[in-house]
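Architecture at a glance
Okay, here's what each chain looks like letter by letter:
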Amino acid sequence: MSIDADQDQGQPLIAHLTELRDRLLRIVLAVLICALGLMPFSSEIYAFVSQPLQQYLPEGSGMIATEVASTFLAPFKLVLVSAVCLAIPVILHQIWAFISPGMYRHEKRIAAPLLFSSVLLFYLGLAFAYVVVFPLVFGFFSSITPEGVSYTPDISRFLDTALKLFMAFGIAFEIPIATVLLISAGVTSAEKLAAKRAYVVVACFVVGMLLTPPDVISQMLLALPMWLLFEVGIFFGRFIQSRPATNGEDQRPSL
């Protein structure tokens, strides 16, 4: 085989790696722009996120900082995570644009609704965690404080717990998208997933136990929505599964 032929065969891989690099750079740039825009409001963002906990603290008290740099690092960390969450539409769009050339035509047809739904569900997961889970979890922890003990959480520990809950619910709310993608790609079927419902329910409670604080309330609040969202994914997956491919839609585009 000639050197020219080897170079021709290697060029597609180099082109894909170059495109991957460019899209990763765009993702990083989007996150940096969001972080720079949010940085002046780091204190306000932290106050907003911690409000569900602040309302349960004893009157006249507040959270504490046990480390020298906590007062800077905790809000800064929250700003970075907030920037990633704010840039989620750009991140998902770049991922979709990278993989779309190798998708079936009928897969591309549902890609735009799935992309929009994934962004919406991620934000709904964050909102559910903040509006529903935070007040219940932090209210529970404050209510079981032993007599004579002052409930003054550390700001870094609180942030770790809050971000863990945010990410857990944000990702968990993507279950319908993952289910639909598995069915549309032919990896499994709605009937097979429905037949394994009992195992999925157990897995949801195990995940809820691992990803949430050690209390029954937050575990249940994560496990039950995960199960319901799994059922939603199966429901919509049946429509995609029953739709026959036409006009050459079952042929992969050449790369």
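The next subject is the pattern of salt bridges. Here the structure, examined in full by the defined rule, presents five salt bridges. We note a salt bridge from Asp160 to Lys77, for which the minimum N-O separation is 2.8 Å. A residue pair is termed long-range when its members are at least 10 positions apart, and Asp160 in helix 6 (residues 155-172) and Lys77 in helix 3 (residues 70-86) qualify at 83 residues. Judged by its relative accessible area of 36%, Asp160 falls in the partly exposed class. As a salt-bridge pair, Glu231 and Arg197 come within 2.5 Å of each other at their nearest N and O atoms. Taken as a pair, Glu231 in helix 10 (residues 216-242) and Arg197 in helix 9 (residues 197-211) lie far apart in primary sequence, 34 residues in all. Here Glu231 falls in the partly exposed class, since its relative accessible area comes to 22%.

Turning our attention to a nonpolar patch on the surface. A surface patch of nonpolar side chains, amounting to about 500 Å² of accessible area, comprises Val202, Val206, Val207, Met209, Leu210 and Leu211. Within the secondary structure layout, Val206 lies in helix 9. Given the relative accessible area of 38%, Val206 is considered partly exposed.

Here we come to the confidence of the model for the chain. The share of residues in the chain with pLDDT of 70 or more is 87%, and the mean pLDDT across the chain is 81. Across the chain, the secondary-structure element scoring lowest on mean pLDDT is helix 1 (residues 3-38), at 79, and the one scoring highest is helix 3, at 90. This stretch, residues 1-10, has a pLDDT under 50; its non-local contacts, to residues over four places away or in other chains, come to two contacts.

What counts and how
- Residues numbered from 1 in each chain as written.
- Predicted model: local features only at pLDDT ≥ 70, side-chain atom pairs only at ≥ 80, totals over all residues.
- Heavy atoms only, no water.
- Salt bridge = Lys/Arg side-chain N within 4 Å of Asp/Glu carboxyl O.
- Helix = DSSP H or I, 4+ residues; strand = E, 2+ residues; numbered from the N terminus.
- Buried < 20%, exposed > 50% of the residue type's maximum accessible area, 1.4 Å probe, protein only.
- Patch = residues over 30% accessible without salt bridge, like charges linked within 9 Å, V, L, I, M, F, W, Y side chains within 5 Å.
- Areas by Shrake-Rupley, 256 points an atom, 1.4 Å probe, with all protein chains shown as cover.
- pLDDT = per-residue confidence, 0-100.
- Contact = heavy atoms within 4.5 Å.

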